[in-house]
Each structure stands twice: as C-alpha cells, then as structure tokens.
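Summary of structural features
Single-letter residue listing:
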Amino acid sequence: MTQNHPLPPGQYAIDHFPRFGLTKYAKKYSSQTAPLSLLISGDVENQLRLTEHDLDKLTRTEQISDFHCVTTWTRQNLLWGGFRFRDFYQEIIQPEARPSDEVAYVIFRCQDGFRSILPLADLLADDVMLADRLAGEMLPAKHGAPLRLVTPAHYGYKSTKHLTAIEFWSDESKFRPPMDRFMSHPRARVDYEERGRWFPGWFLRYLYRPLVKSTIRLFERTMK
Ligand SMILES: Nc1nc2c(c(=O)[nH]1)N[C@H]1C(S)=C(S)[C@@H](COP(=O)(O)O)O[C@H]1N2
Ligand SMILES: [Mo]
C-alpha cells in the first residue's frame, strides 16, 4: 500500500513525526483526551452536536499519505484511519444539518484555540479525512485525538487537531487566522507552494526553515 510521491517544492523528508504547530499553542497540550463532541454550525438549518457514535454510520477508510508542514519538513507514508470528509459531508451534514446552497468555506476549530479554513470544494477531494487512527492505533493525543482533519494536498496548518467544531459558511468573514496574516494562505496547496500570502513560497522557505528544530524541541518539552 506504500506509495512514494515526489516531494513537493521546497520540502525535505524527515523520518519521525513530531508534534508540531504554532508555538503559542504548545503549552495547551493535554495528554487527557476528551471524548468527541463536535459542534456543527454556520449557514445551516440545524446545528448538530455529534459524538463518535454519530460517525459510526460512515464507511471507515484508510489511506497512506504524506504530511507537509509549511516550515518545510515532510513526513512520508503515514497510515491514517477514519472517515472521508466527503462522506461526512454528504451523509451527515447535508441531510441532518441542511447547509445553505451558498456554503463555500469550512472553518475548523479545536480545543487549544487553533483554527483553519478551507474552501468546501478542496475538502471534497478523495484524500481529505477526519482521522481517528494513525499507524493502525487510536489517534494519540500527541497527533490530535479525538479527531483531526488530514488534508495531504495542503500544508499542515490546515490539518487542525483536537477538533471541537466545524462551521459551514458562504464566505470567509467569520475566520480570523490564528497566525500573522502573511502566514495564512486561503488554500495553502503544497503543489503550488502556497505557503502564505504576499510573499512568494520560496521566500517563506528560508524564513521558516531555521525555526523547525527549536519548535520541535519546544513541543517535545510540553509533552513531558
Ligand atoms: N489544534 C491544533 N492543530 C494544529 C496545529 C496546532 O497548533 N493546534 N498546528 C498545525 C500545524 S502548523 C501542523 S504542521 C500540524 C502538525 O501536526 P502534528 O502535531 O500531528 O505533527 O498540525 C496543525 N494542526
Ligand atoms: Mo506546520
């Protein structure tokens, strides 16, 4: 099942999978994983509060994909388990929450305050998952339990961990990026090196790369 994709522009492969993220959220780490409680809201007729049992009706799926952090490290061939976002949208959100026809953006929120936004169209791709398993085991707290987004075609900052809410909106106005605006690209596709806005991707490579080691160390300390 292992596939080797060429590395996207400006990325290098590492052989471990560190916990990573915005340093301002590093201290929010909790090894105690709360059971899933996912609030569905936005331009929808019905708000929903979903638990893990509500996801049982979806077909489980597994995929092997590469994970690309915007700071230039890539971890290849991760085995994720969970649900396809498209199935979740078509089999739970559309029939039960009844989103408006205008919905075009989705906001993901989580326990530590981090958040991300993606166009709905990007999320309906085959390889976008809501994952609750990693490498054949329950998704550990380290990597985003109880449930995280996995979207391999986008930089890691779109793959929000520890999900608590998903909102469906017609525009981006309800989204405030958790990082400086220049670091937040509305799509962040790795193939196009959409690392951030205003600056070209190759420029941000050189800005971010020196921060990788210290950020990994910071996250390691917070997990002790
Ligand atoms: N809740 C939450 N999700 C998050 C982040 C975060 O700080 N908090 N950081 C993002 C970034 S920048 C990256 S690269 C990935 C890292 O995922 P990992 O910790 O499983 O390696 O999580 C993303 N999702
Ligand atoms: Mo990242």
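Heads up: the structure comes first, above all this text.
Below or above, wherever it landed, is the structure these notes cover. The structure displayed is predicted, hence computed values, not measured ones.

Check the secondary structure of the protein and you find four helices and 11 strands. Taken over the C-alpha trace, the protein has a radius of gyration of 17 Å; the compact-globule value for 224 residues is 17 Å, and the two agree within 12%. Expressed as lengths along the three principal axes of its C-alpha atoms, the size of the protein is roughly 45 × 40 × 35 Å. Intrachain contacts of the protein at a sequence separation of at least 6 include 69% that bridge at least 24 residues.

Turning our attention to unusual backbone geometry. A cis amide bond links Ala145 with the next residue in sequence, Pro146, at an omega value of 5°. As for its position among the elements, Pro146 is in the loop between strand S9 (137-138) and strand S10 (148-150). Unlike most non-glycine residues, Glu193 shows phi in positive territory, near 50°. Following the sequence through the fold, Glu193 ends up in the loop between strand S11 (163-169) and helix H3 (201-208).

The subject of this paragraph is the site of ligand 1. In the vicinity of ligand 1 lie 20 residues, with Pro18, Phe20, His143, Arg148 and Lys161 positioned nearest. Within the backbone of Phe20, one N or O atom sits 2.9 Å away from an oxygen atom of ligand 1. Separating a nitrogen atom of ligand 1 from a backbone N or O atom of Ser159 is a distance of 3.0 Å. Out of a free accessible area of 530 Å², ligand 1 has 98% covered by protein chains.

Helix length check: helix H1 (residues 85-97) (13 residues) gives 15 Å between terminal C-alpha atoms against 18 Å at 1.5 Å per residue, more than 12% under. Taken residue by residue, H1 has Phe85, Asp87, Phe88, Tyr89, Ile92, Ile93 and Ala97 as its buried positions. Immediately downstream of H1, the backbone of Arg98 shows phi near 55°, a positive value.

This paragraph deals with the sheet that holds strand S6 (residues 105-110). Spatially, the five strands line up as an open sheet ordered S3-S2-S11-S6-S7, and their pairing is mixed. Every interior strand has two partners, whereas the edge strands, strand S3 (48-50) and strand S7 (115-119), have only one. Averaged over all pairs of adjacent strands, the angle between their axes in this sheet comes to 20°, without regard to strand direction. With five bridges connecting them, S6 and S7 associate as antiparallel partners. For Ile107, the partnering residue across the bridge sits in S7 and is Ile117.

Mapped onto the secondary structure, His162 falls in the loop between S10 and S11. The exposure class of His162 is buried, given its relative accessible area of 6%. Beyond its immediate chain neighbours, meaning those up to four positions away, His162 contacts Arg19, Arg109, Cys110, Gln111, Asp112, Ala141, Gly144, Ala145, Pro146, Leu147 and Arg148.

What follows covers the pattern of salt bridges. The final tally for this structure, using the stated rule, is nine salt bridges. Two residues, Glu45 and Arg98, come together in a salt bridge whose shortest N-O distance is 3.2 Å. Remark: Arg98 occurs in the loop between H1 and S6 and Glu45 occurs in the loop between strand S2 (38-42) and S3; sequence separation between them is 53 residues. By relative accessible area, Glu45 is classed as exposed at 59%.

Analysis parameters
- The residue numbers shown here count from 1 along each chain, following its written sequence.
- Ligands are numbered from 1 and chains lettered from A, in the order in which they are written.
- Thresholds applied to this predicted model are a pLDDT of at least 70 for local features of residues and 80 or more for the giving and counting of side-chain atom pairs; totals over whole chains, interfaces and linings are not thresholded and use all residues.
- To get the side-chain values, all heavy atoms of the structure are used, and hydrogens and water are removed first.
- The secondary structure listing takes helices from DSSP runs of H or I that are at least 4 residues long and strands from runs of E that are at least 2 residues long, numbered from the N terminus.
- Radius of gyration: over C-alpha atoms. The globule rule applied is 2.2 Å multiplied by the number of residues raised to the 0.38 power.
- Note on definitions: a residue-residue contact is assigned when non-hydrogen atoms from the two residues lie within 4.5 Å.
- A molecule or strand has a residue near it when one of that residue's heavy atoms lies within 4 Å.
- Contacts described as polar in this section are N or O atom pairs within 3.5 Å, which, within protein, must combine one atom able to donate a hydrogen with one able to accept it, while residues neighboring in sequence count only if both atoms come from side chains.
- Here, Shrake-Rupley sampling with a 1.4 Å probe gives the accessible areas, and only protein chains in the shown set may cover a residue.
- Each helix should span, by expectation, one fewer than its residue count multiplied by 1.5 Å.
- Each residue's exposure class comes from its accessible area (1.4 Å probe, protein chains only) as a fraction of the maximum for that residue type: buried when under 20%, exposed when over 50%, partly exposed otherwise.
- Note: two strands are recorded as paired if DSSP finds a minimum of 2 bridges between them.
- Axis definition: a line fit to C-alpha positions, over the contact stretch in the case of helices; interaxial angles, taken between N-to-C directions, run 0 to 180 degrees.
- We define a salt bridge as a side-chain nitrogen of Lys or Arg found within 4 Å of a carboxyl oxygen belonging to Asp or Glu.

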